[in-house]
Amino acid sequence: MDKKEEELKVMQKSYRTALFIIVGIALILISGVFFPSEQTDSATAPVDVSNTKMAVTVINASPEPYIKDIVLRGYTEALRTVSLKSQIKSRITELPVEKGMRVSKGDVICRLAVEDRDANYTESLALVTQRELEFKASERLYAQGHRSETQHSAAKSGLEAAVARSVRMKVNLDNTAIRAPFDGVINDRLIEVGDYMKEGEICALIMEEDPFLVVADISESDVGQVKVGDEAYAVLQNGRRLNGKIRYTSSIADVSTRTFRVELEVRNPEKDILDGVTAELFIKSDQVMAQRISPATLVLNDDGLVGVRLVDNTNRVSFKEAEILGNHADGIWISNIDASTKIIVEGHEFVKAGEIVNAVPLQN
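The shown structure was predicted, so the numbers you read here are calculated from the model rather than taken from an experiment.

## Some points on the environment of Met-197
Structurally, Met-197 can be placed in strand E9 (residues 196-197). Taking the C-alpha atoms as reference points, Met-197 and Lys-89, separated by 108 residues in sequence, lie 5.6 Å from one another. Once residues within four sequence positions are removed from consideration, Met-197 is found in contact with Ser-86, Ile-88, Lys-89, Ser-90, Ile-92, Leu-112, Ile-191, Ile-202 and Cys-203.

Here it is in structure tokens:
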């Protein structure tokens, strides 16, 4: 056999070997398609998600009777503030009290010149005495038939006119002293000694200090729950608490705000409450059923509403808007929560509505 034939045989043998290899690979690939392995790659195996549910802690809602406080923003106000005005024309001769001094009912605040008023009053008293004597004489003569009825009536009218004139003179004389109409403090004095006052001009301003008022505006939805005589309290800006009773509620709403004025009357025996101080007025309203929770339980949903997250019997999460009725040291009170509800108290920040969770009761 020559060399050329040997090379041809070697090449044929190589081709057969390559063909066997290709056929073998094809058989392996075909066997994977028609006879798949029962074992699956761990990377493509389905994951059991039954153990990946978020665990949350829940409590069973138990609403209790709760009396909500109606909280109003208001301010203090004196029960009475009066401008003391002159009722006559005269000159100021004396000012017995200074601005800021406390006075009692009847104390002289401003004194005006008497001028001829004292003399006029004395003259009117003398005329009354004269007319009384004339009337008594007329009565005797009339009884004896020596005087006509017309003459007797004229004597009586003369006496009555003299008495009326004396009363006017006494009033004019008394008006020279402007007096305090009640116990209070002189908040301002608008004149000085020597000033001439006309009728109606203001001498001073007096403010009554006890009792005092806390006033506020209440909405039309709450005004029906407030009655005169109800007990309430106010807290001043410095934290001082003032107890009292509702003295007045307006029957006419403010045109611009549609609110009603309400007044709380409080005692001020120490006379240390100032007019115009900011205060919060707390009024008890109707009893409702409410749930007490920790403030940390509250959440804010995507719409900006405040509420809590709940779970139903299938452990599906939902959101419930809640109204905060009151904030106290032992928690906050919210409404709109049913007794059969489960409230999420731990883990509520990490779940959302519609999600299935693993609800675990809170351990006491």
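Still more to cover.
## Considering the packing of aromatic side chains
What the rule picks out here adds up to two aromatic pairs. Taken together, a centroid distance of 4.9 Å and an interplanar angle of 20 degrees make the contact between Tyr-66 and Trp-333 stacked. Taken together, the residues Tyr-66 in strand E2 (residues 64-78) and Trp-333 in strand E20 (residues 331-334) connect sequence positions 267 residues apart. On the accessibility criterion, Trp-333 (8% relative accessible area) is buried. Residues Tyr-233 and Phe-282 carry aromatic rings whose centres are separated by 4.9 Å and whose planes lie at 5 degrees to one another, so their mutual orientation is stacked. Taken together, the residues Tyr-233 in strand E12 (residues 231-236) and Phe-282 in strand E15 (residues 278-293) connect sequence positions 49 residues apart. Classification of Tyr-233 as buried rests on a relative accessible area of 14%.

## Topic: the pattern of salt bridges
Opposite charge on two side chains lets them pair, provided their charged atoms get close. Under the criterion given, the structure shown has 18 salt bridges. Arg-131 serves as the salt-bridge partner of Glu-134, at 3.4 Å between the closest nitrogen and oxygen. With Glu-134 and Arg-131 both in helix H2 (residues 117-144), this residue pair falls three residues apart, about one helical turn. Using a relative accessible area of 35% as the deciding quantity, one classes Glu-134 as partly exposed. Taking relative accessible area as the criterion, Arg-131 reaches 23% and is therefore assigned partly exposed. Glu-265 serves as the salt-bridge partner of Arg-247, at 3.4 Å between the closest nitrogen and oxygen. One end of the pair, Arg-247, is in strand E13 (residues 241-249); the other, Glu-265, is in strand E14 (residues 259-266), and 18 residues separate them in sequence. When its relative accessible area of 38% is taken as the criterion, Arg-247 is described as partly exposed. Here Glu-265 falls in the partly exposed class, since its relative accessible area comes to 28%. Taken together, the salt bridges that share partners define one network made up of Glu-77, Arg-247, Arg-261, Glu-263 and Glu-265.

## Section: helix H3 (residues 149-174)
Here H3 contains 26 residues, and its C-alpha end-to-end distance of 38 Å stays within 8% of the 38 Å for a straight helix at 1.5 Å per residue. What H3 keeps buried is the set His-152, Ala-155, Leu-159, Ala-162, Ser-166, Met-169 and Leu-173. Here the buried face of H3 lies against H2.

## Notes on the nonpolar core
In terms of nonpolar packing, the biggest core is built from 25 residues, with Leu-72, Ile-218, Ile-246, Val-262, Leu-264, Leu-281 and Ile-283 touching the most fellow members. Taken together, the elements giving at least two residues each to this core come down to E2, strand E11 (212-219), E12, E13, E14 and E15. Leaving out residues up to four positions away in the same chain, Ile-246 has contacts with Val-226, Lys-227, Val-228, Gly-229, Asp-230, Ala-232, Val-262, Glu-263, Leu-264 and Ile-283. Core analysis: the second largest hydrophobic core is formed by 18 residues, Leu-112, Ile-178, Ile-186 and Met-197 among them.

The rules we used
Residues numbered from 1 in each chain as written. Predicted model: local features only at pLDDT ≥ 70, side-chain atom pairs only at ≥ 80, totals over all residues. Heavy atoms only, no water. Helix = DSSP H or I, 4+ residues; strand = E, 2+ residues; numbered from the N terminus. Contact = heavy atoms within 4.5 Å. Phe/Tyr/Trp six-rings, centres within 6.5 Å; stacked < 30°, edge-to-face > 60°. Buried < 20%, exposed > 50% of the residue type's maximum accessible area, 1.4 Å probe, protein only. Salt bridge = Lys/Arg side-chain N within 4 Å of Asp/Glu carboxyl O. Expected span 1.5 Å × (residues − 1). Core = buried A, V, L, I, M, F, W, Y, C linked by side-chain atoms within 4.5 Å.

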